[in-house]
Protein chains: 2
Amino acid sequence: MATARETFRVPSGPVDLSAIDPRGRPIGPRDKADAALEMENLGARLDIRQEALFAEGTSGGRRAVLLVLQGMDTSGKGGTIRNVLGLVNPQGVHIASFKRPTEEERAHDFLWRIRRHVPEPGRIGVFDRSHYEDVLVARVEGLVPEEVWRARYAAIADFERELSGRGVTVLKCMLHISPEEQAQRLLARLDDPQKRWKYDPGDIDSREEWPAYQEAYAAAMQHCDSDAAPWYVVPADRKWYRNWAVAALLAETLDDVAPQFPPPGYDVDAERARLKRSSGIR
Amino acid sequence: MATARETFRVPSGPVDLSAIDPRGRPIGPRDKADAALEMENLGARLDIRQEALFAEGTSGGRRAVLLVLQGMDTSGKGGTIRNVLGLVNPQGVHIASFKRPTEEERAHDFLWRIRRHVPEPGRIGVFDRSHYEDVLVARVEGLVPEEVWRARYAAIADFERELSGRGVTVLKCMLHISPEEQAQRLLARLDDPQKRWKYDPGDIDSREEWPAYQEAYAAAMQHCDSDAAPWYVVPADRKWYRNWAVAALLAETLDDVAPQFPPPGYDVDAERARLKRSSGIR
């Protein structure tokens, strides 16, 4: 079977999102029950890798992993975090959500607020939206002139190369949903009093710019995909498939990072002896 | 059945920790299988409360919850976070681990580094060690003169009253283990190459001050227990019981907070109509 990274990697060259089926299941589980079983295995794999990464970080290791999640409203960024990152120790995860920038944030370079949330050594960082908003919403809504957002592609590529050089392995997932599925999910939010807080009238405004957003995503992925910071397009109309795919991408990435439990910085036998001598306490 | 909060609340007046059995199971599950079932129910309860708290926070609510975890080395602070906070959406949780203070931190008041991690509105904050270290290790190891650590009890009580006034509900758990159980756990860390990174030779030094630490814990709890920021002593020799007890304490606390999903700030029917008009898109 092809790996998740091979399967979901954005094609090189111009990206045609309409050629990728949001309900596709090119590899992996065929149904929800299948996916649940596979998630157990992935959970165990993620778990041990995360712990080793964390352990490495406590003894001078500099490596970290950064998972960037992007997608249209209701594409499931929050659900992915809950279901995929919920599989590992929350202590090793740093989640940052980037909303509409504050006045202070807007007064700085667009990467300023992003840099503050780059994961520390040993951590898995997760961005719920990211610096890509500055070439997505900024482009579609014309928040800045074209020469400004256009120059950001190179700035982002530089930034991500810098992260990679510092030992931060970056992977980026676009959660790819169809407008039909989005309509269903928005409606569900309106219908359920416990979900209404998640709905924002602005979601419809973005929805009406659907083709422009797809174009902006395609351009961002084309300009900022690299082996050091790859872009993946994850079919996201089925929640269980989306969760499985992101978990698989993260697991394969961590397998590659292959973090190592550090050797002890003390003499194990001597400590055993000290412990034994102390055991009479109380 | 008595509630967890009634059962585990530190007795008022002078605290005698030796009178509390670290293997005790005064209420709740009798064995691991029982506990696993109860944890499922608690998980569902915590989950919905956490989501409502988060939702409240997105629409101007100011409330948050802060769970403080303290205990001797190996008492299971990390394991509790993993097993209890692992039950809720990681996006709604802010975990802060307080290690030996850095030089910058030592240059400030002892509460300076703590204040930076008070949970934002809508969040469940978790402290893995806390400001209590400044009346525990600081007292036992004589890091500061007695008049300094002694004055901190009042400073802590003031700080926690301030939090409560701001809408942050505080609960504090001492994970109570026996020195015999600690010896087993330290030995397990030395024996397993994947656990050696968790062992620190300084753990034995603290272990040798066991009675002084118990006394320092007792004093801290006596001075800083209040209805606004109660201290609980959780029997922690059995990991499954400890997890259950902390989950139950957190669930009861959240039941009391009773966060509410906010009413929508828009006209639901009008939005349904907008959504319908937009649905032809693509």
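Up top is the structure.
Values in this document were obtained by computation on a predicted structure and should not be read as measured data. (Residues numbered from 1 in each chain as written. Chains lettered and ligands numbered in written order. Predicted model: local features only at pLDDT ≥ 70, side-chain atom pairs only at ≥ 80, totals over all residues. Heavy atoms only, no water.)

*Asks:* In this structure, what is going on with the relation of the copies chain B and chain A? I would like to understand it.
*Replies:* Turning one copy of the chain about an axis and sliding it along that axis gives the other copy, so a rotation and a shift relate them. Mapping chain B onto chain A is achieved by rotating through 180° and translating by 0.0 Å along the same axis, at an RMSD of 0.0 Å. Each copy turns onto its partner about a two-fold axis. A symmetric contact is evident, with 98% of the interface residues of chain B recurring at the interface of chain A. (Least-squares fit on C-alpha atoms with pLDDT ≥ 70 in both. Contact = heavy atoms within 4.5 Å.)

*Asks:* Sorry if this is basic, but what is going on with empty space enclosed by the protein here?
*Replies:* Taken as a whole, this structure holds 1 cavity of 30 Å³ or more when the rule is applied. Forming the walls of the largest cavity are Leu85, Gly86, Val88, Pro90 and Val93 of chain A together with Leu85, Gly86, Val88 and Pro90 of chain B. Its residues assigned to classes, the lining of the largest cavity comprises 7 nonpolar, 2 polar and no charged. (1 Å grid on protein atoms, 1.4 Å probe; cavity = no way out; pocket = protein on both sides within 12 Å on 5 of 7 lines; lining within 4 Å. Points joined across faces, edges and corners; volume = space filled by probe spheres on them. Nonpolar A, V, L, I, M, F, W, Y, C, P; charged D, E, K, R; others polar.)

*Asks:* How do you make sense of the packing of helix H7 (residues 146–165) of chain B against helix H10 (residues 210–224) of chain B when you look at a structure like this?
*Replies:* When two helices pack together, their arrangement is given by the angle between the helix axes and the distance between those axes. Residue and element names in this part refer to chain B. Here H7 crosses H10 at 45°, and the two axes come no closer than 9 Å. Classed by the angle they form, the pair H7 and H10 counts as oblique. For the pair H7 and H10, the sense of crossing is right-handed. Contact residues: H7 offers Tyr153, Ile156 and Glu160, while H10 offers Ala219, Ala220, His223 and Cys224. Residues of the contact of H7 with H10, tallied by class, amount to 5 nonpolar, 1 polar and 1 charged. (Axes fitted to C-alpha atoms, helices over the stretch in contact; angles between N-to-C directions. Helix = DSSP H or I, 4+ residues; strand = E, 2+ residues; numbered from the N terminus. Parallel < 35°, antiparallel > 145°, perpendicular 65-115°, else oblique. Left-handed = near helix turned anticlockwise from the far one by under 90°.)

*Asks:* Got a minute to help me understand the pairing of strand S1 (residues 64–71) of chain A in this structure?
*Replies:* On any regular strand, side chains alternate: one points to one face of the sheet, the next to the other face. All names here are of chain A. The buried fraction of S1 amounts to 8 of the 8 residues, a majority that puts the element mostly inside the structure. By the alternation rule, side chains of S1 split into Ala64, Leu66, Val68 and Gln70 and Val65, Leu67, Leu69 and Gly71, which are all buried. Relative to strand S4 (residues 168–176), S1 runs parallel, the two sharing 8 bridges. Residue pairing across strands places Val65 opposite Thr169, the latter belonging to S4. (Buried < 20%, exposed > 50% of the residue type's maximum accessible area, 1.4 Å probe, protein only. Pairing = 2+ DSSP bridges.)

*Asks:* Any chance you could explain the packing of aromatic side chains here in plain terms?
*Replies:* All names here are of chain A. Taken as a whole and assessed by the stated rule, the structure comprises 16 aromatic pairs over all chains. Between Tyr132 and Trp231, the aromatic rings sit 4.8 Å apart at their centres with planes inclined by 75°, giving edge-to-face as the arrangement. Residue Tyr132 is found in the loop between strand S3 (124–128) and helix H6 (137–140), and its partner Trp231 is found in strand S5 (residues 231–235); the two are separated by 99 residues along the sequence. Residues Tyr132 and Trp231 agree in their burial class; the two are buried. Taking the centre distance of 5.9 Å and the plane angle of 85° together, the rings of Trp240 and Tyr241 count as edge-to-face. On the accessibility criterion, Trp240 (17% relative accessible area) is buried. (Phe/Tyr/Trp six-rings, centres within 6.5 Å; stacked < 30°, edge-to-face > 60°.)

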